[in-house]
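Structural characterization, general
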Amino acid sequence: MVLVRLLVLSLFHMSLGGSQPTQSSQQASSPPHPAGQQSPLGTSNLSFPWSRLRLPRYIIPLHYHLLLHPNLTTLSFTGSVQIQIDVQNNTNWVVLHSKGLQISKAAIVDQNFAHLSDQVLPVLHNPSHEQIGIFSPRVLSSGQKYFLYLEFGAELSEGFYGFYKSTYRTSTGETRTLASTHFEPTSARMAFPCFDEPSFKANFSIRIRRSPEYISLSNMPVVETFEVNAGVLEDQFDASVKMSTYLVAFVICDFKYVTATTSSGVQVSIYASPEKWPQTHYALEVAVKMLDFYEEYFNIHYPLPKQGTLCLVFLLLLCQIPLFPPFTFSPLTCVFPLSDLIAIPDFESGAMENWGLTTYRETSLLFDPLTSSISDKLWVTMVIGHELAHQWFGNLVTMEWWNDIWLNEGFARYMEYISVEATYPDLKVEEYLLQTCFSAVGHDSLNSSRPISSPAENPTQIKQMFDTVSYDKGACVLHMLRHFLTDDVFQRGIVRYLRKYSYRNAHNQDLWDSLANTCSEEDFMSGKHCYSSSQASKNAVSKHINIHSRTSLHRCPLIHFTQCKQLFSGLVTCCGCMYCLPQYLFAGEHMDLTAMMNTWILQKGIPLVTVTRKGPHLLLRQDRFLRTVLPSDRLWSTLQQGFLWHIPLTYKTDASSTIHRHLMTTPTDSIHIGEEVSWVKVNTDMTGYYVVHYEDGGWDEMTKLLRENHTALSYKDRTHLIHNAFQLVTAGHLSLDKGLDLIGYLQLETHTVPLLEGIGYLETFYRMTEKRNEFDVISNLGMYILRFFRAVIDRQTWSDRGSVSERRLRSEVLSLACHLKDPPCLERARESFKDWLQSNGTLNLPTDVAVTVFSVGAQDDHGWVSLLHTYNMSLSEAQKSKILFALTCSRDTNKLHRLLELGLEGKVIRSQDLSSVILMVARNPRGYRLAWNFVKKNWDTLVQKFQLGSFCIRNILIGTTGQFSSPEELTEVQHFFESIKEQASQLRAAQVALDNVQKNVRWFQRNLETLRNWLNKQLQ
């Protein structure tokens, strides 16, 4: 492929007679200056014209012509941008975003490139709003288009936002530099002046100047490269589709790549530093499969055709090769879609969905078969699935404002599971969706949670929207909605949503309208995907439909829209695909999807459904589920006021295999289930986002069922019961001994997911108690876990054999066994570590047990030092992450402190990994106080590195304080937040941290003695 493109380039150079830019392209970048230009206009009589955080709406950017010249020696860059703007109100001002840029020149010209002033225009700055204002002495007229021209420069950023520097070290010790971008959510303004809000979509024509030893990448392909002067080349990229500024990207590096093509002709390339290039092949396979899947699932071709003006047409004609899709040709242009994925050595988040150039942390893209575990493989697969889903959800259709970022991230998180299950079924990704929803429940059951759609105005508030609520809760609510509407209706509804709002912005309501089937006859006749609910009130015949039965599909004849309505009265017509779907009706009324979904999107929290059996009826009550306030507390009733959800309940009984359905829209409700039913399991497979409490002996029935016939329930239902039971313990609705009795059946359990759920809670109790020096409880709990799960532990092999589920169980069980000082586990791990040391690190340990082996080996000085040396030299980020975790398991506080300092320094341990180091040290019973003191001492430095509101700052605060469980520690955390009151008041994470500590304190106050007594009873 490369050779063919080179041949075509040579043909074009021959035909065009050179590669210098034309006069028109020069004018588009830098408007000609008027003769005898005067000094700049004065600014002494001008004040900044705009007081709001959001930009005025009367100037709309249409097209950016951006030139950038980064210098990777001086670590700075210069640039210019010409923005075509559409003026919709008469004004003398253009207000846009800029942060940290030195603006050296400003001009405004009309469509004929005539200057509006013979003087350099003044630029006013409003740093608090990250805005600049350009004053024009001549009025910009409504309805006219102009070009705003700015020249600027800045240092490459030292952090992870804007246009920033990154480095990597070769195996010979040489440090090499690259420059990369990360703009989401509000950092494009750090690279070039722009209208940096998601609704200001525009086209981008980008040019980048570089030294010959580097390449440059951007959203679109290079269409021409020419020499500007000795040692400087300029790459001109094709014009982009309309997109938001946060999706713009460019990288200047010396990376290598692998490439392949999807079945529809999308060229996919994976880039990495030269010595890590062999680790790109799995990502290439995944990306190709994912793009093929998404094109089919969304029924929309990959939405970013990259247009190249240098075309294969001459070669094809010369060789008499017929033209065929996906290539379409004009005399000078061919269109061929491309998708580039690149691993950036310094990267704060997991990945970023820049349109056509997705950027990744190395651990999220690179896979080394010798050192990457099955969990690493799943992670890479899911992250790629997430980012490529964004090419449709987020890029093609973008939320109007950051308050609805869940429309991007919730969908992308959920599509991870749908796409991986379809393309890599052997990875068993569906087993992980439960954990995603459990994570959301954990956050959402604190009073400090927030609605999925929440106000966010300034950059700090906007950054905080990228959290568990947007990602995990968003995904779980969509999962619930998909199961409620059925897979087919859900899929076709989102296809309609994507088609209708392509290259535009959307709100929550737009999604509900697409899913709730609001389509016109015109939509139907045009062949678009839509469902009609406009006639629902007329379809009285449909009211006989049983609300407890799953929606079924009926094939409709290919007939006119009105005829279909007449023939299938009572059925919602899936117009574009010619299906008719029974209408969901509840209490004789048409379901209002907007009203239902608003209860999940516009109010915070999660419902608790309390179930009571009374004869043939199931009595239901819904409350807000809170883990920080007990029903006996005075605050309880206050915190419950105004909360009501429309809950799509599902349940299963022993009387049949049918999954029954019921929409609960009132505080209390009842369902007739019959006298013959002996047990009822509510929230089948946890497809619903709610917690269930079985009152009046209901939990005893569940415990009895699990012990006598646990396979009567699916593994998801068994896992859900374990999770709900211990959540209810924390919330004070269930005693701890009831929860512990429930998991007594686990000796019979053979499925990994419920096993790990039960083991996970016991491990949590152990690790929390470990930090309180409750020595008798620690000893007894460790002894109980090893005794109770002895058979499970002994079944594990120290290998990489088995299914994904078996390998996952092996990693978790052996890690815990060695942490509990199980003699056989420690002996085997020490032998393996000794063999690894004697091979000078060349022995490849089984990847599933490598962390356990390294963690045991790190307990002595020689092992710890050897691991740190290997960490420093390794070219495998997967191996380095395992070693780093092991290093933080040391019981030597001096070594733990050294790791924290190395992370702060950012050389041996990259700054991107500092937050992880802090959290891993905090997990260590010898290090949790050390980590907290480190955070307090270095707070200002941490905020400078990661930015206030970032997920790293959030994780540091919640992760370190989450280890505390005493009233004294709660007071200490409160005092720290008082000392940084101005910053803490802006951070939702501060309140989350306090809620977590308060929850832990109350848990021990209520449950420590219960745990002690229960263990004594079990070990008698």
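Counting starts from 1 at the beginning of each chain's written sequence and moves along it residue by residue. Since the coordinates come from a predicted model, pLDDT governs what is reported: local features require at least 70, and pairs of side-chain atoms require 80 or more to be given and counted, while whole-chain, interface and lining totals use all residues. To obtain the side-chain values, all non-hydrogen atoms of the structure were used and water was disregarded.

What about the overall build of the chain?
Selection rule: Runs of H or I in DSSP of at least four residues are treated as helices and runs of E of at least two as strands, each being numbered from the N terminus. Here's how the labels work: a residue is buried when its accessible area is under 20% of the maximum for its type, exposed when over 50%, partly exposed in between, all with a 1.4 Å probe on protein chains only. Every residue pair with non-hydrogen atoms within 4.5 Å of one another is taken to be in contact. With residues, only the protein chains shown are counted as cover, and all accessible areas are computed by Shrake-Rupley using a 1.4 Å probe.
The helix and strand inventory of the chain stands at 35 helices and 35 strands. Among the 1020 residues that make up the chain, the fraction classed as buried is 61%. The contacts of the chain with a sequence gap of at least 6 include a subset with a gap of at least 24, amounting to 72%. Carbon and sulfur atoms provide 51% of the accessible area of the chain, an area that totals close to 39100 Å².

A few points about the packing of helix H28 (residues 893–905) against helix H29 (residues 914–923)
For the record, the criterion: Simply put, an axis is a line fit to the C-alpha atoms, just over the touching stretch for a helix, and the angle between two N-to-C directions goes from 0 to 180 degrees. Here the angle decides the label: under 35 degrees means roughly parallel, over 145 means roughly antiparallel, 65 to 115 means roughly perpendicular, and every other value means oblique. When the near helix sits turned anticlockwise from the far one by under a right angle, the crossing is termed left-handed; a clockwise turn instead gives a right-handed crossing. Polar here means any residue outside two lists: the nonpolar Ala, Val, Leu, Ile, Met, Phe, Trp, Tyr, Cys and Pro, and the charged Asp, Glu, Lys and Arg; Gly therefore counts as polar.
H29 packs onto H28 with a crossing angle of 165° between their chain directions and a minimal axis gap of 9 Å. For the element pair H28 / H29, the angle class is roughly antiparallel. Pair H28 / H29 crosses with left-handed handedness. For the pair H28 and H29, contact is made by Leu896, Leu899, Leu900, Gly903 and Leu904 and by Leu914, Val917, Ile918 and Val921, respectively. Looking at the contact of H28 with H29 residue by residue, the classes come out as 8 nonpolar, 1 polar and no charged.

Comments concerning the sheet that holds strand E30 (residues 617–624)
Using the following cut-off: For two strands to be treated as a pair, DSSP must find no fewer than two bridges joining them.
Within the open sheet, the 4 strands sit side by side as E33-E30-E29-E35. Their pairing is mixed. Taken across any chain shown, the strands that pair with only one partner, and hence form the sheet edges, are strand E33 (668–672) and strand E35 (691–694). Averaged over all adjacent pairs, the angle separating strand axes in this sheet is 25°, with direction ignored. With 8 bridges connecting them, strand E29 (residues 607–614) and E30 associate as antiparallel partners. Within the sheet, the bridge partner assigned to Pro607 lies in E30 and is Arg624.

Considering the confidence of the model for the chain
Applicable threshold: Per-residue confidence from the predictor is reported as pLDDT, which spans 0 to 100.
This prediction gives the chain a mean pLDDT of 88; 85% of its residues lie at or above 70. A low-confidence stretch, residues 34–38 stays under pLDDT 50, and its non-local contacts, those more than four residues away or across chains, total 9 contacts. The model gives residues 306–333 a pLDDT under 50, and that stretch makes 62 contacts with residues more than four places away or in other chains.

A word on the nonpolar core
The cut-off we apply is this: Each nonpolar core is a collection of buried residues, namely Ala, Val, Leu, Ile, Met, Phe, Trp, Tyr and Cys, held together in the definition by side-chain atoms within 4.5 Å.
In this structure, Phe192 and Ile384 are the most contacted members of the largest nonpolar core, which totals 304 residues. Counting residues per element, this core draws most heavily on helix H35 (residues 988–1019), which supplies 13 residues. Apart from the residues within four sequence positions on either side, Ile384 is in contact with Ala283, Val286, Ala287, Met290, Leu341, Tyr360, Ser364 and Leu365.

Here's the deal with the side chain of Gln947
Within the secondary structure, Gln947 is located in the loop between helix H31 (939–946) and helix H32 (951–961). When near neighbours in sequence (up to four residues on either side) are disregarded, Gln947 contacts Lys99, Tyr161, Lys463, Leu942 and Ile953.

A closer look at the pairing of strand E6 (residues 131–140)
Burial runs high along E6: 7 of the 10 residues are buried. Bridging between strand E3 (residues 91–97) and E6 involves 6 bridges; their strand directions are antiparallel. Residue pairing for E6: Leu96 is matched across the bridge by Ile132. When strand E5 (residues 123–126) meets E6, the two strands line up antiparallel, connected through 4 bridges. Pairing of Asn126 across the sheet is with Gln131, part of E6. What sits between the antiparallel neighbours E5 and E6 is a turn of 4 residues, in which Glu130 has the positive phi angle 55°.

Quick word on the sheet that holds E6
Taken in spatial order, the 3 strands line up as E3-E6-E5 in an open sheet, and their pairing is antiparallel. Looking at strand neighbours, the two that pair on one side only are E3 and E5, the edges of this open sheet. Between one strand and the next, the sheet's axes are offset by a mean angle of 30°, whatever the strand orientation.

A look at the environment of Ser678
Note the cut-off: Think of a polar contact as two N or O atoms within 3.5 Å of one another; within protein, one of them needs to be a possible hydrogen donor and the other a possible acceptor, and neighboring residues in sequence only count if both atoms come from side chains.
The topology assignment puts Ser678 in the loop between E33 and strand E34 (680–682). Linking Ser678 and Glu701, residues 23 residues apart in sequence, is a C-alpha distance of 8.8 Å. If we ignore the near neighbours within four places in the chain, the residues touching Ser678 are Arg613, Asp654 and Glu701. Among the polar contacts listed, one links the side chain of Ser678 to the side chain of Asp654, at a separation of 2.5 Å.

Here we look at the state of the cysteines
Applicable threshold: By convention in this document, the label disulfide applies to cysteine sulfur atom pairs within 2.5 Å.
Under the criterion given, the structure shown has 2 disulfides. Each disulfide pairs two cysteine sulfurs, and for Cys437 the partner residue is Cys476, the sulfurs being separated by 2.1 Å. Its S-S torsion of about -110° marks the bond between Cys437 and Cys476 as left-handed, since a negative value means left-handed. Highlighted residues: Cys437 in helix H8 (residues 430–444) and Cys476 in helix H10 (residues 468–485), separated in sequence by 39 residues. Cys476 matches Cys437 in its accessibility class, with the two residues each being buried. The disulfide partner of Cys818 is Cys825, and the S-S distance across this bridge is 2.0 Å. One disulfide, between Cys818 and Cys825, carries an S-S torsion of -100° and so falls in the left-handed class. In this structure Cys818 comes out as buried when scored by relative accessible area, which is 7%. For Cys825, a relative accessible area of 3% gives the class buried.

Observations concerning the packing of aromatic side chains
Our working definition: Working definition: rings of Phe, Tyr and Trp (its six-membered ring) pair if their centres are within 6.5 Å, and the pair is stacked with planes under 30 degrees apart, edge-to-face with planes over 60 apart, and tilted otherwise.
Going through the model one piece at a time under the given rule, you end up with 53 aromatic pairs. Seen from their ring centres, Tyr294 and Phe298 are 5.5 Å apart, and the 10° between their planes marks the pair as stacked. Note that Tyr294 and Phe298 are positioned in helix H3 (residues 281–298) at a spacing of 4 residues, about one turn of the helix. Under the relative-accessibility criterion, Phe298 is labelled buried at 0%.

Digging into the environment of Gly903
Looking at the element boundaries, Gly903 is found in helix H28. Taking relative accessible area as the criterion, Gly903 reaches 0% and is therefore assigned buried. Sequence separation of Gly903 and Ile918 is 15 residues, and the distance between their C-alpha atoms is 8.6 Å. For Gly903, the contacting residues outside a window of four places in its chain are Ile909, Ser911 and Leu914.

Here we look at the pattern of salt bridges
Our working definition: One side-chain nitrogen of Lys or Arg within 4 Å of one carboxyl oxygen of Asp or Glu is enough to make a salt bridge.
The full count for this structure, using the stated rule, is 41 salt bridges. Here Arg207 ties to Glu234 by a salt bridge, and the two come within 2.8 Å at their closest N and O atoms. Within this pair, whereas Arg207 is found in strand E10 (residues 203–210), its partner Glu234 is found in strand E13 (residues 232–237), the two being separated by 27 residues in sequence. Summarising the burial analysis for this pair, Arg207 and Glu234 share the class buried. We note a salt bridge from Asp633 to Arg1002, for which the minimum N-O separation is 3.0 Å. In this pair, Asp633 sits in the loop between E30 and helix H16 (635–640) while Arg1002 sits in helix H35, placing the two residues 369 residues apart along the sequence. Put simply, Lys99, Glu130, Arg189 and Asp196 are held in one network by salt bridges that share partners.

Re unusual backbone geometry
Cis peptide bonds are those with omega within 30 degrees of zero, and the linkage from Glu184 to Pro185 qualifies with 5°. Relative to the helices and strands, Pro185 resides in the loop between strand E9 (175–182) and E10. Even without being a glycine, Tyr503 presents a positive backbone phi close to 60°. Residue placement: Tyr503 occurs in the loop between helix H11 (487–500) and strand E23 (504–506). According to the relative accessible area criterion, Tyr503 is partly exposed, its value standing at 30%.

As for the pairing of E35
Here E35 shows two buried faces, one formed by Val691 and His693 and the other by Val692 and Tyr694. Here E29 runs beside E35; their pairing, made up of 4 bridges, is parallel. Bridge pairing links Val611 to Tyr694 in E35.

Re the environment of Met664
Take Met664: it is sitting in strand E32 (residues 660–664). Accessibility expressed as a relative area gives 0% for Met664, which makes it buried. Residues Met664 and Leu644 lie 20 residues apart in sequence; the distance between their C-alpha atoms is 9.8 Å. For Met664, the residues in contact, after removing those within four places along its chain, are Leu620, Arg621, Gln622, Trp645, His646, Ile647, Leu649 and Asp669.

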